[in-house]
Amino acid sequence: MGKNRQSKRPAKASGLKPMKSDVKDLALADRGKQKIDWAEKDMPVLRSIRKTFSTKRPLSGIRIAACLHVTAETANLMRTLKTGGAEVYLCASNPLSTQDDVAASLAKHDEISVFAIKGEDKDTYYNHIHSTLEVKPSVTMDDGADLVSVLHTQKINFIKDIIGGTEETTTGVIRLKSMADKNVLQYPIIAVNDAYTKHFFDNRYGTGQSTLDGIIRATNKLMAGSVFVVCGYGWCGKGLAMRARGMGARVVVTEISPLAALEAVMDGFQVLPMSEAAVIGDVFCTVTGDVSVIRKEHFEQMKDGAIVSNSGHFNVELDLEVLAKMSKNKRQLRDFIEEFTLSNGKKIYVLAEGRLVNLSAAEGHPASVMDMSFANQSLSVEYLISNRQKLEKKVYRVPEAIDQNIAKLKLESMGVHIDTLTAAQEKYLNSWEMGT
Ligand code: ADE
């Protein structure tokens, strides 16, 4: 166990309440609190929800199990849910994305149970998911659907206590929709990812900025003049391509969808099949949500010194098993960079073990976008609870009224004013008779 680590046994001597947590080092808590408070300054919408929650207490009696990236922004969501009356239990949604100081602060200063240690191995990762579920939650909050998946495969008897769940990310929503289509989903889910105030901003501007931040922090490479290959032109790919171009890179996009590829062309990017992009790329980043996007035939074609990374949810987009087999040597070169030497002497550099580079080598999306994502999370949980009788075992969108309200609150916080329709405009929009 790490120094001063809070064990899963009740902490007696520390003066803490007997609260179960598994974090790296409680001595990091004060630094974590400063980070959380700093992030909170850029989360005005979440702050206003927290204020309302503090008087309304709409989550009283609710136990929430959350499996999210344990960041300063997530900590502010956890505090908001607790202020709303919920008991909150948090584990990591990725073994490399935890900010240990933030985890320590939540455990120590907010008395929230946290099970997350940066760099935890696969067994610990799943043990932490199980610890979080042991509390028999009434609501699950996922980023990638791991809680739902473990509940449906290994803890079926816990499902009867569950009112519903929320899902933060595209990959998770795809998994959950597939469960609903196959009639195996056992409780209602709100797809937070699909709210406009989530994916328009978090997936695009959040991923765009934080991914470049991760690549640059890991490598300190100049982006200007490089050939930057973006694999996938969904919302995350669009943001990444836009920001890489902004830093002076020559951006190449790869796609499998004709529509998305056409969009990339008209946005001014070069579109190539991966086999051709592999030959010319200096930096690669996958954001597709699918497996083996960069594989043997692509590694074979790459330049000496190519940098390969992923910003999709799971570490499946780069075929690193095959890269290891093709290599005669592998070594850790600096934090978050592994050097693979192929049998012909060529070197390929893999960032953050092919895991989310933005959360592993940097700090994830800035608080200002997570503000809207987590406002959606908070209000979706409230909605699940107040509509629990009506909801079926389906994947639902965030109600339009919540989405619009979050946009309105965000604009207000930015001091941006907009127009309203005149009565004549309203009438025109609601009529079909009026033509030329
Ligand atoms: N996903 C991407 N960025 C994040 C952040 N800062 N906090 C939580 N989840 C995230």
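Look a little higher up for the structure.
Everything in this summary refers to the structure shown in the same document.

**Some words on the overall build of the protein chain**
Here's step 1: Tallying secondary structure elements over the protein chain gives 17 helices and 15 strands in all.
Here's step 2: Relative to the compact-globule value of 22 Å for 436 residues, the protein chain shows a C-alpha radius of gyration of 23 Å, a close match.
Here's step 3: Referenced to the eigenvectors of the C-alpha coordinate spread, the extents of the protein chain come out at roughly 80 × 65 × 45 Å.
Here's step 4: A burial count over the protein chain gives 56% of its 436 residues as buried.
Here's step 5: Total accessible area on the protein chain stands at roughly 20,000 Å², and carbon and sulfur atoms take up 52% of it.
Here's step 6: Separation between the mean location of the 56 positive side-chain charges and that of the 52 negative ones in the protein chain comes to 4 Å.

**Concerning the packing of helix α1 (residues 29–40) against helix α3 (residues 72–83)**
Here's step 1: Packing of α1 against α3 brings their axes to within 8 Å, and their N-to-C directions diverge by 80 degrees. Of the possible angle classes, the one that applies to α1 and α3 is roughly perpendicular. Contact with α1, carried on its side by Lys 33, Lys 35, Ile 36, Asp 37, Ala 39 and Glu 40, involves Ala 72, Glu 73, Ala 75, Asn 76 and Arg 79 of α3 and no other residues of that element.
Here's step 2: Residues belonging to the contact of α1 with α3 are distributed by class as follows: four nonpolar, one polar and six charged.

**Focus on the environment of Ile 406**
Here's step 1: Mapped onto the secondary structure, Ile 406 falls in helix α16 (residues 400–414).
Here's step 2: You can call Ile 406 buried: its relative accessible area is 0%.
Here's step 3: Expressed as a C-alpha distance, the spacing of Ile 406 and Leu 46, which sit 360 residues apart in the sequence, is 9.4 Å.
Here's step 4: Setting aside anything within four residues of it in sequence, one finds Ile 406 in contact with Val 45, Thr 197, Met 372, Ala 375, Asn 376 and Leu 379.

**Quick look at empty space enclosed by the protein**
Here's step 1: Evaluation of the coordinates by the stated rule reveals one cavity of 30 Å³ or more.
Here's step 2: Roughly 40 Å³ of internal volume is contained in the largest cavity.
Here's step 3: Together, Glu 40, Met 43, Leu 46, Arg 47, Arg 50, Asn 76 and Thr 80 line the largest cavity.
Here's step 4: The set of elements that each furnish at least two residues to the lining of the largest cavity consists of α2 (44–56) and α3.
Here's step 5: It is α2 that contributes the most residues to the lining of the largest cavity, three residues altogether.
Here's step 6: Of the residues that constitute the lining of the largest cavity, the class distribution is two nonpolar, two polar and three charged.

The rules we used
Residues numbered from 1 in each chain as written. Predicted model: local features only at pLDDT ≥ 70, side-chain atom pairs only at ≥ 80, totals over all residues. Heavy atoms only, no water. Helix = DSSP H or I, 4+ residues; strand = E, 2+ residues; numbered from the N terminus. Rg over C-alpha atoms; globule rule 2.2 N^0.38 Å. Buried < 20%, exposed > 50% of the residue type's maximum accessible area, 1.4 Å probe, protein only. Areas by Shrake-Rupley, 256 points an atom, 1.4 Å probe, with all protein chains shown as cover. Lys, Arg positive; Asp, Glu negative; His and termini not counted. Charge placed at Lys NZ, Arg CZ, Asp CG, Glu CD. Axes fitted to C-alpha atoms, helices over the stretch in contact; angles between N-to-C directions. Parallel < 35°, antiparallel > 145°, perpendicular 65-115°, else oblique. Contact = heavy atoms within 4.5 Å. Nonpolar A, V, L, I, M, F, W, Y, C, P; charged D, E, K, R; others polar. 1 Å grid on protein atoms, 1.4 Å probe; cavity = no way out; pocket = protein on both sides within 12 Å on 5 of 7 lines; lining within 4 Å. Points joined across faces, edges and corners; volume = space filled by probe spheres on them.

Fair warning: the whole summary comes from geometry, so function is off the table for now.
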